Amino acid sequence: MINEADLKAHGYNVTSEQTRVLNEHYHDPKNRWALKEYNARGIGRNPDNYGQVDMYLLVNDNEEIENVGYEFNGCPTIAFSASIFTEEIKGLPLEEALHMTQTSLDEMAAKDNCEECTAMILVAFAAAYENYQNRQKSIDEEYALKMIETTLQYSQQSCG
């Protein structure tokens, strides 16, 4: 059980509602599976500890994220963090989800706070975005791979 007092004791300024959402995703992670039908797949990997997040996207004809799933190898924090992230991007236009991801990566870089679990989730999405763009250009690839050490470089690239 995640409680508000413990989070605040560790320097996190959270509300009761945020704590409730964390607990919901901690006890019942959403989207924690590989999609059977997808048109984008990205892998975020941590070369230091072999942690990995595989993200699968089903992007519809309007370029909105119709469905999303993930699998991971790493710390348990990934399960509820990826659950929250995937629920936030589901239904969004692909470009809006990329912008949200870029903003998060930029904020992590500015704070010099690269939480590895969160970074793997974000770069897995960035890799899936790249894979989707490549597939739209008829480049035949199963997935795109990004290492978290490239997070800062990726966050500074243009998204055009």
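A.B. asks: What should I look at first to understand the pattern of salt bridges in this one?
C.D. replies: Working definition: two side chains of opposite charge can pair if their charged atoms are close together. For the structure on display, the rule yields eight salt bridges. A salt bridge links Glu24 to Lys30, with the nearest nitrogen and oxygen atoms 3.7 Å apart. Judged by its relative accessible area of 33%, Glu24 is partly exposed. A salt bridge links Asp54 to Arg41; the shortest N-O distance between them is 2.6 Å. Here Asp54, found in strand 2 (residues 51–59), pairs with Arg41, found in strand 1 (residues 40–46); they are 13 residues apart in sequence, far enough to count as distant. Connected through salt bridges with shared partners, the residues Glu17, Arg20, Glu24, Asp28 and Lys30 form a single ionic network.

A.B. asks: Would you mind showing me how to read the nonpolar core here?
C.D. replies: A general tendency of soluble globular proteins is for nonpolar side chains to be buried together. The biggest cluster of nonpolar side chains holds 31 residues, and the ones touching the most others in it are Met55, Leu57, Ile65, Ile89, Leu94 and Phe125. For this core, the elements supplying multiple residues, two or more each, are strand 2, strand 3 (65–73), helix 3 (77–89), helix 4 (94–110) and helix 5 (116–136). Per-element tally for this core: the top contributor is helix 5, with 11 residues. When sequence neighbours within four positions are dropped, the list of residues in contact with Leu94 reads Leu57, Val59, Glu63, Glu64, Ile65, Phe125, Tyr129, Tyr132 and Gln133. Judged by nonpolar contacts, the second largest core, of six residues, contains Leu7, Leu22, Phe80 and Ile84.

A.B. asks: What should I look at first to understand the packing of helix 2 (residues 16–27) against helix 3 in this one?
C.D. replies: For any two helices packed against each other, the geometry comes down to the angle between their axes and how far apart the axes lie. As a packed pair, helix 2 and helix 3 sit with axes 8 Å apart at the nearest point and diverge in direction by 110 degrees. Between helix 2 and helix 3, the interaxial angle falls into the category roughly perpendicular. Every residue of helix 3 that contacts helix 2 at Val21, Leu22, His25 and Tyr26 is listed here: Phe80, Ser83, Ile84 and Glu87. For the contact of helix 2 with helix 3, the class distribution of residues is five nonpolar, two polar and one charged.

A.B. asks: Help me out: how do you make sense of the state of the cysteines in this one?
C.D. replies: One way to say it: the disulfide is the covalent bond shared by the sulfur atoms of two cysteines. Inspection of every chain in the model, using the stated rule, returns one disulfide. Each disulfide pairs two cysteine sulfurs, and for Cys75 the partner residue is Cys117, the sulfurs being separated by 2.3 Å. Placement of Cys75 in the loop between strand 3 and helix 3 and of Cys117 in helix 5 is noted, with a sequence separation of 42 residues between them. Owing to a relative accessible area of 17%, Cys117 belongs among the buried residues under this scheme.

A.B. asks: Honestly, the pairing of strand 4 (residues 144–147) in this entry has me stumped. Any pointers?
C.D. replies: One face of the sheet, then the other: side chains in a regular strand alternate in exactly this way. Alternating residues of strand 4 divide into Ala144 and Lys146, all buried, and Leu145 and Met147, none buried. For strand 1 and strand 4, the ladder comprises four bridges, and the chain directions are parallel. Directly across from Arg45, in strand 4, lies its bridge partner Met147.

A.B. asks: How should the pairing of strand 2 be read in this particular structure?
C.D. replies: Counting buried positions along strand 2 gives nine out of nine residues, so the element sits mostly inside the fold. Burial along strand 2 is two-sided: the face carrying Gly51, Val53, Met55, Leu57 and Val59 and the face carrying Gln52, Asp54, Tyr56 and Leu58 are both buried. Two strands pair when backbone bridges link them, and strand 1 and strand 2 are joined in this way by seven bridges, in the antiparallel orientation. Along strand 2, the bridge assignment pairs Asn46 with Gly51. Counted along the chain from strand 1 to the antiparallel partner strand 2, the turn is four residues long, and its residue Tyr50 has a positive phi close to 65 degrees. Judged from the eight bridges that link them, strand 2 and strand 3 form a sheet pairing that is antiparallel.

Conventions we followed
- Residues numbered from 1 in each chain as written.
- Predicted model: local features only at pLDDT ≥ 70, side-chain atom pairs only at ≥ 80, totals over all residues.
- Heavy atoms only, no water.
- Salt bridge = Lys/Arg side-chain N within 4 Å of Asp/Glu carboxyl O.
- Buried < 20%, exposed > 50% of the residue type's maximum accessible area, 1.4 Å probe, protein only.
- Helix = DSSP H or I, 4+ residues; strand = E, 2+ residues; numbered from the N terminus.
- Core = buried A, V, L, I, M, F, W, Y, C linked by side-chain atoms within 4.5 Å.
- Contact = heavy atoms within 4.5 Å.
- Axes fitted to C-alpha atoms, helices over the stretch in contact; angles between N-to-C directions.
- Parallel < 35°, antiparallel > 145°, perpendicular 65-115°, else oblique.
- Nonpolar A, V, L, I, M, F, W, Y, C, P; charged D, E, K, R; others polar.
- Disulfide = S-S within 2.5 Å.
- Pairing = 2+ DSSP bridges.

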